[in-house]
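What the coordinates show
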Amino acid sequence: PPPSPPPPATSLAASSATAQDIRQSSNVSYELHRAAEIIEREPSEDDLTVKDKTDCFKLAGAIAGRVRDGEDVSITTKGPVPVLVTTKAIALAQEYVAEEGLSLSFTVQFRDLEDPSLRGSPVSTFVQFIIVREA
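1. Some details on the pattern of salt bridges
All chains considered together, the criterion is met by 3 salt bridges. Its salt-bridge partner being glutamate 42, residue arginine 111 comes within 3.5 Å of it at the nearest N-O pair. Remark: glutamate 42 occurs in the loop between β2 (30-34) and β3 (48-50) and arginine 111 occurs in strand β5 (residues 103-114); sequence separation between them is 69 residues. With a closest N to O distance of 2.9 Å, arginine 68 and glutamate 100 form a salt bridge. Remark: glutamate 100 occurs in the loop between α2 (80-98) and β5 and arginine 68 occurs in helix α1 (residues 56-68); sequence separation between them is 32 residues.

Right, here's the structure in full:
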């Protein structure tokens, strides 16, 4: 018999499910659900970037501000600490926009990119978080 076709592409989205005060903890939990549509966005120079020393509260404010302004929000990062900072900031941004009746979820893509902070750097794998605004 011929091989079966691959399953249709799916985007999984994550929504904050943290019960404790995110300001006092490094633990963040999320609920995964199937996105209504495939979510893809090419990295751009407008993407937010996160490093080890990025302040998650400032990043959360930047995310919330862009969401309120109706802008697309993507965050490009690499490494375990920046990924934790990013996920914590997304959970905080969710709290910031919840007062306006907005909800955030995100999807993740892996991207092979040159490090913009190092000229002529070799291609490396980055994590791109795409924030999805839900009314």
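The discussion continues.
2. Details of the environment of aspartate 46
Note on placement: aspartate 46 falls in the loop between β2 and β3. Relative accessible area serves as the criterion here: at 59%, aspartate 46 is assigned to the exposed category. Along the backbone, aspartate 46 and valine 73 are 27 residues apart, and their C-alpha atoms lie at a distance of 8.5 Å.

3. Side note on the confidence of the model for the chain
Put simply, the chain has an average pLDDT of 81, and 78% of its residues get 70 or more. The secondary-structure element of the chain with the lowest mean pLDDT is strand β1 (residues 12-16), recorded at 59, while α1 shows the highest, at 96.

4. Thoughts on the pairing of strand β6 (residues 123-134)
The pairing of strand β4 (residues 73-77) with β6 spans 5 bridges and is antiparallel. Residue threonine 77 lies in a different strand from β6, and its bridge partner there is valine 127. As defined by bridge partners, β5 adjoins β6 across 12 bridges and the pair is classed as antiparallel. Opposite leucine 113, over in β6, you have serine 124 as the bridge partner.

The rules behind each value
Residues numbered from 1 in each chain as written. Predicted model: local features only at pLDDT ≥ 70, side-chain atom pairs only at ≥ 80, totals over all residues. Heavy atoms only, no water. Salt bridge = Lys/Arg side-chain N within 4 Å of Asp/Glu carboxyl O. Helix = DSSP H or I, 4+ residues; strand = E, 2+ residues; numbered from the N terminus. Buried < 20%, exposed > 50% of the residue type's maximum accessible area, 1.4 Å probe, protein only. pLDDT = per-residue confidence, 0-100. Pairing = 2+ DSSP bridges.

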